[in-house]
Amino acid sequence: MPELPEVETTRRGLEPHLRGQPVTRIDIRQPRLRWPVPEAIQNFRGHSLRNLKRRGKYLIFNFGEDYWLWHLGMSGSLRLLPPEAAPAAHEHVRVDFGNGPTLRYRDPRRFGALLCGSGDPLHHPLLADLGPEPLSDAFDGAWLHERCQRRSSAIKTVIMDSHVVVGVGNIYACESLFLAGINPKTRANRLSPGRAERLARSIRDVLSAAIDQGGTTLRDFTRSDGQPGYFAQRLNVYGQNGDCPRCGRGIRRIVQAQRSTFYCPGCQH
DNA sequence: ATAATAACCTGAGGGC
DNA sequence: TGCCCTCAGGTTATTA
């Protein structure tokens, strides 16, 4: 479900409510996520949340010395609900902070993860080798072009590789390539510096616009307050089966690396 | 190192 | 209604 804009939307929705609040209760209703939720998570009772950060699609709950890493996987969502609200189906984790609303984690497919650690979270094995943030200065056309040099696979799968750049999932990969006018099947090492520059800019623009819209709600993504994201109205190719809004040719669907790719054969070369 | 594939799960929707 | 198939916003582990 969530790519970078949805995770960032979640972070922005949660942080003002949770920052500075102590964890008063942790209820793991289903520990079997992508990896088992560590027993040590219970040790955080009484700890106060310093801040809530994001790296790629990971949320980082900072508690000073220790931290949680929370990944929403394919179908995960975090919401704030009143303490008395009954748990929804597939609500696997509930965390009470102070006396305010309670944090609920719902994840039907259980591809998400809740892990904990101490020290610098950026040194965690899952984060240590990640590529740059797409909205930071570290990510630009030169970096992208350099990382494409040794890659003969399709450009679409390369921009979805978190070691190249983080946060670009299936929707935004398709949309970025459309915006840049690049065929998703193009071999990465055949992308000119100029086209890499254009693609890097498109990725930034698409992700920024999606964050501004509160992310994309296709089926069940909701912001932490239950509202949907509105970027779905701006999708040009992803999930579309009609004609291209720019040139009128039919949008095509193909499969790359076991994922659907949508593109316009008229606009993307 | 890179590339391709399977694997982890549940639910929705279409066709018959 | 039920069954079978395909599809779904992610990532890692394993194998060539």
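Relevant structure appears above.
Summary of the structure given here.

Thresholds applied
- Residues numbered from 1 in each chain as written.
- Chains lettered and ligands numbered in written order.
- Predicted model: local features only at pLDDT ≥ 70, side-chain atom pairs only at ≥ 80, totals over all residues.
- Heavy atoms only, no water.
- Salt bridge = Lys/Arg side-chain N within 4 Å of Asp/Glu carboxyl O.
- Helix = DSSP H or I, 4+ residues; strand = E, 2+ residues; numbered from the N terminus.
- Buried < 20%, exposed > 50% of the residue type's maximum accessible area, 1.4 Å probe, protein only.
- Phe/Tyr/Trp six-rings, centres within 6.5 Å; stacked < 30°, edge-to-face > 60°.
- Pairing = 2+ DSSP bridges.
- Axes fitted to C-alpha atoms, helices over the stretch in contact; angles between N-to-C directions.
- Contact = heavy atoms within 4.5 Å.
- Lys, Arg positive; Asp, Glu negative; His and termini not counted.
- Near = heavy atom within 4 Å.
- Polar contact = N/O pair within 3.5 Å; in protein donor to acceptor, adjacent residues only side chain to side chain.
- Nonpolar A, V, L, I, M, F, W, Y, C, P; charged D, E, K, R; others polar.

Turning next to the pattern of salt bridges. Pairing of side chains with opposite charge becomes possible as their charged atoms draw close. The tally for this structure, following the rule as stated, stands at 14 salt bridges. The shortest N-O distance in the salt bridge between R104 and E91 comes to 3.2 Å. Within this pair, whereas R104 is found in strand β7 (residues 102-106), its partner E91 is found in strand β6 (residues 91-97), the two being separated by 13 residues in sequence. Overall, R104 belongs to the buried group, its relative accessible area being 3%. Of the charged contacts in the structure, one is a salt bridge between D225 and R223, with a shortest N-O distance of 3.4 Å. Under the relative-accessibility criterion, D225 is labelled partly exposed at 46%. One salt-bridge network, held together by shared partners, links E8, R11, R12, E15, R19, R54, R55 and E133.

The description of an aromatic ring pair rests on the distance of the ring centres and on the angle between the ring planes. Per the counting criterion, the structure on display carries nine aromatic pairs. Relative to W70, the ring of W68 has its centre 6.0 Å away and its plane inclined at 80 degrees; by these criteria the two rings are edge-to-face. We classify W68 as buried; its relative accessible area is 0%. Geometrically, the ring pair formed by Y238 and F262 is edge-to-face, given 5.2 Å between the ring centres and 70 degrees between the ring planes.

Sheet architecture is open: four strands sit in the order β1-β6-β7-β5, paired in antiparallel fashion. Of all the strands in the sheet, the pair left with one neighbour each is β1 (23-28) and β5 (77-81). Here the strands of the sheet are splayed against their neighbours by 20 degrees on average, with no regard to which way each runs. Lying on the sheet, helix α1 (residues 4-18) is in contact with β5, β6 and β7; it crosses β5 at an angle near 35 degrees.

Attention shifts here to the side chain of E175. On the secondary structure map, E175 appears in helix α5 (residues 170-180). Here E175 occupies a buried position and makes no salt bridge, while the nearest side chain of opposite charge, R234, is found at 9.0 Å.

Around DNA strand B, a shell composed of H90, P108, R109, R110, F111, R150, R151, S152, S153 and Q258 is seen. Backbone sugar and phosphate groups make up 58% of those atoms of DNA strand B lying within 4 Å of the protein. Take P108: an N or O atom from its main chain is 3.4 Å from a sugar or linking oxygen of DNA strand B. Contact distances for DNA strand B include 3.0 Å between a sugar or linking oxygen and a side-chain N or O atom of R110. Considered class by class, the residues forming the surface near DNA strand B number two nonpolar, four polar and four charged.

Note that every value here comes from positions in space, so none of it alone points to a role or purpose.
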